[in-house]
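A structural walkthrough
What follows is the residue order along each chain.
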Amino acid sequence: MTQQESTMSLIFLQLLLLLSCLTLNNSIAESTTIINVWPKPRNLTWSPPYQTTLLSSTFTITTTTNHHNKHLSIAIRRYQNLIKSEHHHPLVPQAVNISNKYLPPLQTLKVTVVDTAAELVHAVDESYTLSILPSSCATLTAKTVWGAMRGLETFSQLAWGHPTQVPVGVHVCDSPLYAHRGVMVDTARNYYPVKDLMRTVKALSMNKLNVLHLHLTDAESFPLVLPSEPALAEKGAYAPHMVYSPKDVKKLVEFGLDHGVRIIPEIDTPGHTASWALAHPDIVTCANMFWWPAGRDWPHRFASQPGTGHLNPLNPKTYQVLKNVIHDITTLFPEPFFHSGTDEIVPGCWKTDPAIQKYLSNGGTLNQLLEKYINNTLPFIVSLNHTVVFWEDVLLDDIVHVPSAILPKEHVILQTWHNGHNHTKKIVSAGYRTIVSSAEFYYLDCGHGSYVGNNSAYDNQDGDMGNGGSWCAPFKTWQTIYNYDIAYGLSEGEAKLVLGGEVALWSEQSDPTVLDARIWPRASALAESMWSGNRDEKGVKRYAEATDRLNEWRSRMVSRGIGAEPIQPFYCVKNPGMCNTVHPV
């Protein structure tokens, strides 16, 4: 057989393996507790007698066809180095039959990618198959580069010990339940250097998460340097060194592609824009006023937290600046999703402006003000070939919202953050696609109290602090995140409009010193629920079984340089079952 015939035969075999997975990937992953992979694959089998073999000292990862995809090449080099050098020691030793002397060492992982040109966009195929047979060669097949990266991550977690060993007789057919699986990080309340965001991208990729949503600007600061509007960062950033330059953005975007992670930018407007007033005071209403003046009740506040300012929809200059900002953002970030915020419009802020006061007194409404803003920005974003993501408020806010007629469903996605299943149902029943970030389950900042000073709630001698000033308390545990069913109560058609979910780290009380522990391993819980679900093959929630695996995975993340917080004392790891609420049967 010629080399070409051999290659074609291999590709044909791997395509057959991919087809064999199509009927399996609709099922929940089989129970294979003696192998730890996070997130758990949709279908993983390890055939008895559960043997392992050694990894050859000359182990290599190769591709079966020539390609010119630099992101695949970088990923292969990264994983080859990791697999040969990691030598992970499981917290609980694997109970396997080590028959190394009877099995050949594993020399090669051959990777076949059907389409090396497919771009990293929403709903790109991330499926893969992985086979490790009792031979010197393992095989990984994926339709795209991004699926190959997910398979390489799985393979890396199947290697452990010193010398490194891998299980043989393993077959994995895998693909995600949800296409959108992410973490949102707020870079405006506190600044995160690029190196910290890059480390977060690495952790996202380890967990098969594929989106880093950056809430780049807010009332507090504007850290993004834009070529067309440099004054926004020059005056709106906290300090000259607390900015993201175009070079920084390019570096982060490329790093994301190397790890299979999309970087989605959010520029929150027209509310949350106090920082814009430092460069353009004439387009911002109620700038630099105290957020909740004495004597005013909550509905008549100027902002929902310190930092006041809304863009003025009646000022033509507002749209000149916005078009410059939007154009630069879509140029810096090639990602097809553009997040335009549009949450928490506070009427009191707009009402401080004389022109808006006159507009309202002449019969205009707050909803019409927001509609004017949307009509002047949404079509421009769409003209740049981008899908617009809004927070749910644009449609569902009780006071300021717009009719669905001006939010075309083919161009708009709504991200939900209020009222859990209820608002998810409202959005999809209206025909909109949605990304779920329900604060009751997915907000990572909750439970740390309030950051505003002079708060009398803390002057309490009976110990009953209520929520301690934290509006979304209590702390969202990994179990809370893991067990949340984002399509609960939806019809089959409605469930198809749920693109996936994001956990969100708002940064009023977070910065680089706590970044890893705030996110991990709680975002790992989201990762598994979005990838293979939170139920076993019988439809039973598997959080009890997941605890031991998450302890193990958290340990491995720490060894890889991610400062993930512990979920249990080590006693629980060493004494399986003893930390349950009910004694295991």
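Residues numbered from 1 in each chain as written. Predicted model: local features only at pLDDT ≥ 70, side-chain atom pairs only at ≥ 80, totals over all residues. Heavy atoms only, no water.

Under an unreviewed UniProt entry, the chain has the name Beta-hexosaminidase and belongs to Glycine soja. Under the UniProt heading Sequence similarities (unreviewed entry), the entry covering the chain gives this text: "Belongs to the glycosyl hydrolase 20 family." UniProt, in its Catalytic activity (unreviewed entry) section for the chain, records the words "Hydrolysis of terminal non-reducing N-acetyl-D-hexosamine residues in N-acetyl-beta-D-hexosaminides." (UniProt positions renumbered as here; feature names shortened; annotations may be inferred.)

Describing unusual backbone geometry
His162 connects to Pro163 through a cis peptide bond whose omega is 5 degrees. Within the element layout of this structure, Pro163 appears in the loop between helix 3 (145-157) and strand 7 (165-167). A positive phi angle is found at Cys286, which is not glycine, with a value near 55 degrees. Summarising the element assignment, Cys286 is placed in the loop between strand 12 (284-285) and strand 13 (310-311). A positive phi is found at Asn419, a non-glycine position, where the angle reads about 55 degrees. With respect to the element layout, Asn419 can be found in the loop between strand 16 (412-416) and helix 12 (420-429). (Helix = DSSP H or I, 4+ residues; strand = E, 2+ residues; numbered from the N terminus.)

A few points about the nonpolar core
Within the largest apolar cluster, 135 residues are counted, with the highest numbers of intra-cluster contacts made by Leu109, Leu224, Trp276, Ile374, Leu407 and Trp520. In terms of residues, this core owes the most to one element, helix 10 (residues 366-383), which gives 8 residues. Summarising the domain contributions, this core has at least three residues from each of domain 1 (34-174) and domain 2 (180-449 + 467-536). By size, the runner-up hydrophobic cluster in this structure holds 9 residues, among which are Ala439, Cys446, Ala504 and Trp506. (Core = buried A, V, L, I, M, F, W, Y, C linked by side-chain atoms within 4.5 Å. Buried < 20%, exposed > 50% of the residue type's maximum accessible area, 1.4 Å probe, protein only. Domains from an automatic or database assignment.)

Let's talk about the pattern of salt bridges
When the charged atoms of two side chains lie near each other, side chains of opposite charge can form a pair. Taken as a whole and judged by the stated rule, the model has 23 salt bridges. Between Lys40 and Glu545 there is a salt bridge, with its nearest N and O atoms 3.4 Å apart. Here the residue Lys40 occupies a position in the loop between helix 1 (3-22) and strand 1 (43-46), and Glu545 occupies one in helix 18 (residues 543-559), the gap between them amounting to 505 residues. For Glu545, a relative accessible area of 23% puts it in the partly exposed group. The closest approach of N and O atoms between Glu335 and Arg262, which form a salt bridge, is 2.8 Å. Taken together, the positions of Glu335 in the loop between helix 7 (316-332) and strand 14 (337-341) and Arg262 in strand 11 (residues 262-269) put the pair 73 residues apart, joining distant regions of the chain. The structure contains a network of salt bridges with shared partners spanning Lys40, Glu528, Arg542, Glu545 and Arg549. (Salt bridge = Lys/Arg side-chain N within 4 Å of Asp/Glu carboxyl O.)

Quick word on the sheet that holds strand 16
Within the closed barrel, the 8 strands sit side by side as 9-10-11-14-15-16-17-18. Their pairing is parallel. In this sheet, adjacent strand axes meet at a mean angle of 30 degrees when their direction is disregarded. Here strand 17 (residues 433-436) pairs with strand 18 (residues 498-505) via 3 bridges, running parallel. Its bridge partner being in strand 18, Thr434 is matched across the sheet by Val498. Packing of helix 7 onto the sheet brings it into contact with strand 11 and strand 14, and relative to strand 11 it is tilted by some 170 degrees. Sheet strands touched by helix 12: strand 16, strand 17 and strand 18. Its angle to strand 17, the strand with the most contacts, is close to 160 degrees. (Pairing = 2+ DSSP bridges. Axes fitted to C-alpha atoms, helices over the stretch in contact; angles between N-to-C directions. Contact = heavy atoms within 4.5 Å.)

Overview of the side chain of Arg181
Residue placement: Arg181 occurs in strand 9 (residues 180-186). For Arg181, a relative accessible area of 0% translates into the label buried. At 2.9 Å, the side chain of Arg181 forms a polar contact with the side chain of Glu126. The residues touching Arg181, leaving out its near neighbours within four places in the chain, are Glu126, Arg150, Pro176, Lys208, Leu209, Asn210, Val211, Gly501, Met530 and Trp531. (Polar contact = N/O pair within 3.5 Å; in protein donor to acceptor, adjacent residues only side chain to side chain.)

Notes on the environment of Ile61
Counting through the fold element by element, Ile61 comes out in strand 2 (residues 51-63). On the basis of relative accessibility, which here comes to 7%, the residue Ile61 falls in the buried class. Separated by 20 residues in the primary sequence, Ile61 and Asn81 have C-alpha atoms spaced 9.8 Å apart.

Focus: helix 6 (residues 246-258)
Taking 1.5 Å per residue, 13 residues should reach 18 Å; helix 6 reaches 18 Å between its end C-alpha atoms and fits that length. Residues of helix 6 that are buried sit in contact with helix 2 (70-85), helix 3, helix 4 (194-206), strand 10 (211-217), strand 11 and helix 7. Looking at the residues trailing helix 6, positive phi occurs at Gly260, about 70 degrees. (Expected span 1.5 Å × (residues − 1).)

Things to note about the packing of aromatic side chains
In the structure shown here, the tally under the stated rule is 17 aromatic pairs. Geometrically, the ring pair formed by Trp417 and Trp471 is edge-to-face, given 6.1 Å between the ring centres and 90 degrees between the ring planes. Separated by 54 residues along the polypeptide, Trp417 in the loop between strand 16 and helix 12 and Trp471 in the loop between helix 13 (439-442) and helix 14 (478-483) bring together distant segments of the chain. The exposure class of Trp417 is buried, given its relative accessible area of 7%. A connected cluster of aromatic rings, assembled from ring pairs, spans Trp391, Trp417, Tyr443, Trp471 and Trp506. Sitting over the ring of Trp531, Lys208 keeps its end group 5.9 Å from the ring centre. Here the guanidinium or amino end of Lys323 rests over the ring plane of Phe380, the centre of that ring lying 5.4 Å away. (Phe/Tyr/Trp six-rings, centres within 6.5 Å; stacked < 30°, edge-to-face > 60°. Lys NZ or Arg CZ within 6 Å of the ring centre and 35° of its normal.)

With respect to the confidence of the model for the chain
Looking at the chain, pLDDT values average 92 and 91% of them are 70 or higher. Note on residues 23-33: pLDDT under 50 across the span, and 33 contacts to partners over four residues away in sequence or across chains. (pLDDT = per-residue confidence, 0-100.)

Section: the domain arrangement of the chain
Taken domain by domain, the chain comprises domain 1 (34-174) and domain 2 (180-449 + 467-536). The C-alpha centroid of domain 2 is placed 37 Å from the C-alpha centroid of domain 1. Of the roughly 2100 Å² buried between domain 1 and domain 2 on both sides combined, carbon and sulfur atoms contribute 55%. The largest per-residue losses of area from domain 1 upon contact with domain 2 belong to Trp38, His122 and Arg150, which jointly make up 32% of the total buried on that side. Linking domain 1 with domain 2 are 2 salt bridges. Lys70 is the partner of Glu254 in a salt bridge, and the nearest nitrogen-oxygen pair spans 3.2 Å. (Buried area = accessible area lost by both parts, 1.4 Å probe.)

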